[in-house]
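What the coordinates show
Next come the chains, spelled out residue by residue.
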Amino acid sequence: MKKTKPLFIVLSAPSGCGKSTLIDLLLQEYHDIVYSISCTTRAPRGDEEDGIDYHFLAKERFEELLAQNAFLEYAKVHDNYYGTLKAPIEEVLAEGSSMILDIDVQGAAKVRDYVRALPNNDPLKIGYVDIFVSPPSLEELRERLVRRGTDSAATIERRMSNAEGEIARAGEYMYRVTNDELDVCFKRLCDLIDALSGRM
Ligand code: 5GP
């Protein structure tokens, strides 16, 4: 098989844009793309599993890792820490595979700053690509959130206002892909990844 360039893919999308579905499809299509599992100090919810949904850590352990500068980026949300470890990403890229990071616009900005400060020959910088998935329109996003039926009216309004703020920052990303139709959007993402990794 042809050797491809390992990518460090950062993907962001407002809630309701189909990001989780797109990531699932990408992981099925590309067996050499690894999903980055974040660390958190919050308790697992529902059927969430340690090492699959998150690495669930005690606050003391998270702070220990922080002191060791082990995180590429982190954030404190409602008294809980969330963060992305550097080591797994470095290891995956060193093996020749790619890593995909699912992160919001603020987290992505921190990753971008981190990568910008790396030397030009660092594999994370060489393979770096960030992609923003947008809804076709705000009206369509609202309709999707309503159709999904999982959120209260207040939650939908909060998601819509977050989405507007995130879409306003889509210009910070190297690539923007609209999720008008899932199949079409997925194909665009695959074409982009193939081109960037030299698969074509
Ligand atoms: P939840 O507790 O609902 O799983 O996530 C709460 C928030 O934490 C979400 O906005 C999610 O995007 C964010 N989050 C999850 N993992 C990370 C991470 O590794 N880094 C940062 N900065 N935020 C994260």
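Scroll up to find the structure.
The structure contained in this document is the topic of the report that follows. All figures in this text were calculated on a predicted structure; none of them were measured in a lab.

Counting buried positions along strand E7 (residues 98–102) gives four out of five residues, so the element sits mostly inside the fold. For strand E2 (residues 33–35) and E7, the ladder comprises three bridges, and the chain directions are parallel. Across the sheet, Tyr35 pairs through a bridge with Ile100, a residue of E7.

Further remarks concern the sheet that holds strand E3 (residues 39–40). Strand order in the open sheet made by the four strands is E4-E3-E6-E5, with mixed pairing throughout. The open sheet has two free edges, formed respectively by strand E4 (55–56) and strand E5 (71–77), since each of these has just one partner strand. Across two bridges, E3 lies against strand E6 (residues 80–85) in antiparallel orientation. From the neighbouring strand, Thr40 faces E6, where its bridge partner is Tyr82. Helix H3 (residues 86–94) rests against E5 and E6 of the sheet, and its axis sits at about 20° to E6.

Evaluation of the coordinates by the stated rule reveals seven aromatic pairs. A ring pair is formed by Phe62 and Phe71, whose centres lie 4.3 Å apart and whose planes are at 15°; its orientation type is stacked. We note that Phe62, like Phe71, is buried. One aromatic cluster in this structure is built from Phe62, Phe71, Tyr74 and Tyr81. We note Arg112 situated over the ring of Tyr173; from NZ or CZ to the ring centre the distance is 4.7 Å.

Moving on to the site of the ligand. Taken together, Ser38, Arg42, Arg45, Tyr54, Glu73, Ala75, Tyr82, Gly83, Thr84 and Ile103 make up all the residues around the ligand. In the environment of the ligand, an oxygen atom lies 2.7 Å from a nitrogen or oxygen atom belonging to the side chain of Ser38. In this structure, Gly83 approaches the ligand through a main-chain N or O atom, which is 3.4 Å from an oxygen atom. Calculation on the ligand without its partners gives an accessible area of 510 Å², and the protein chains cover 73% of this total. Most atoms of the ligand, that is more than half of them, are within 2 Å of grid points of the largest pocket. Those elements giving two or more residues to the shell around the ligand turn out to be E5 and E6.

Okay, the layout of surface pockets next. Counted as a void, the largest pocket has a volume near 1,900 Å³. Considering the residues around the largest pocket, the lining is formed by 48 residues, among which Lys19, Tyr54, Asp102, Ile103 and Asp104 are closest to the centre. Broken down by secondary-structure element, the contributors of at least two residues to the lining of the largest pocket are helix H1 (19–29), E5, E6, E7, helix H4 (105–116), helix H6 (138–148) and helix H7 (153–167). By residue class, the composition of the lining of the largest pocket is 16 nonpolar, 16 polar and 16 charged.

Under the definition given, this model contains 17 salt bridges. The shortest N-O distance in the salt bridge between Asp180 and Arg188 comes to 3.5 Å. Among the residues examined, Arg188 registers a relative accessible area of 35% and is labelled partly exposed. One salt bridge connects Asp194 with Arg199, and the closest N-O pair in it is separated by 3.6 Å. Exposure remark for Arg199: the relative accessible area of 26% places this residue in the partly exposed category. Through salt bridges with shared partners, a single network forms among Arg112, Asp130, Arg169 and Glu172.

A word on the sheet that holds E2. Pairing is parallel in the open sheet, where five strands are placed in the order E2-E7-E1-E8-E9. Strands at the two margins of the open sheet, each flanked by one partner only, are E2 and strand E9 (175–178). Recorded for the sheet is a direction-independent mean angle of 25° between the axes of neighbouring strands. Note: strand E1 (residues 8–12) against E7, four bridges, orientation parallel. Looking at E7, one finds that Ile9 is bridged to Ile100. Along the sheet, helix H8 (residues 182–197) makes contact with E1, E2, strand E8 (128–134) and E9, crossing E9 at roughly 155°.

Rules behind the numbers
Residues numbered from 1 in each chain as written. Predicted model: local features only at pLDDT ≥ 70, side-chain atom pairs only at ≥ 80, totals over all residues. Heavy atoms only, no water. Buried < 20%, exposed > 50% of the residue type's maximum accessible area, 1.4 Å probe, protein only. Helix = DSSP H or I, 4+ residues; strand = E, 2+ residues; numbered from the N terminus. Pairing = 2+ DSSP bridges. Contact = heavy atoms within 4.5 Å. Axes fitted to C-alpha atoms, helices over the stretch in contact; angles between N-to-C directions. Phe/Tyr/Trp six-rings, centres within 6.5 Å; stacked < 30°, edge-to-face > 60°. Lys NZ or Arg CZ within 6 Å of the ring centre and 35° of its normal. Near = heavy atom within 4 Å. Polar contact = N/O pair within 3.5 Å; in protein donor to acceptor, adjacent residues only side chain to side chain. Areas by Shrake-Rupley, 256 points an atom, 1.4 Å probe, with all protein chains shown as cover. 1 Å grid on protein atoms, 1.4 Å probe; cavity = no way out; pocket = protein on both sides within 12 Å on 5 of 7 lines; lining within 4 Å. Sits in = over half its atoms within 2 Å of the grid points. Points joined across faces, edges and corners; volume = space filled by probe spheres on them. Nonpolar A, V, L, I, M, F, W, Y, C, P; charged D, E, K, R; others polar. Salt bridge = Lys/Arg side-chain N within 4 Å of Asp/Glu carboxyl O.

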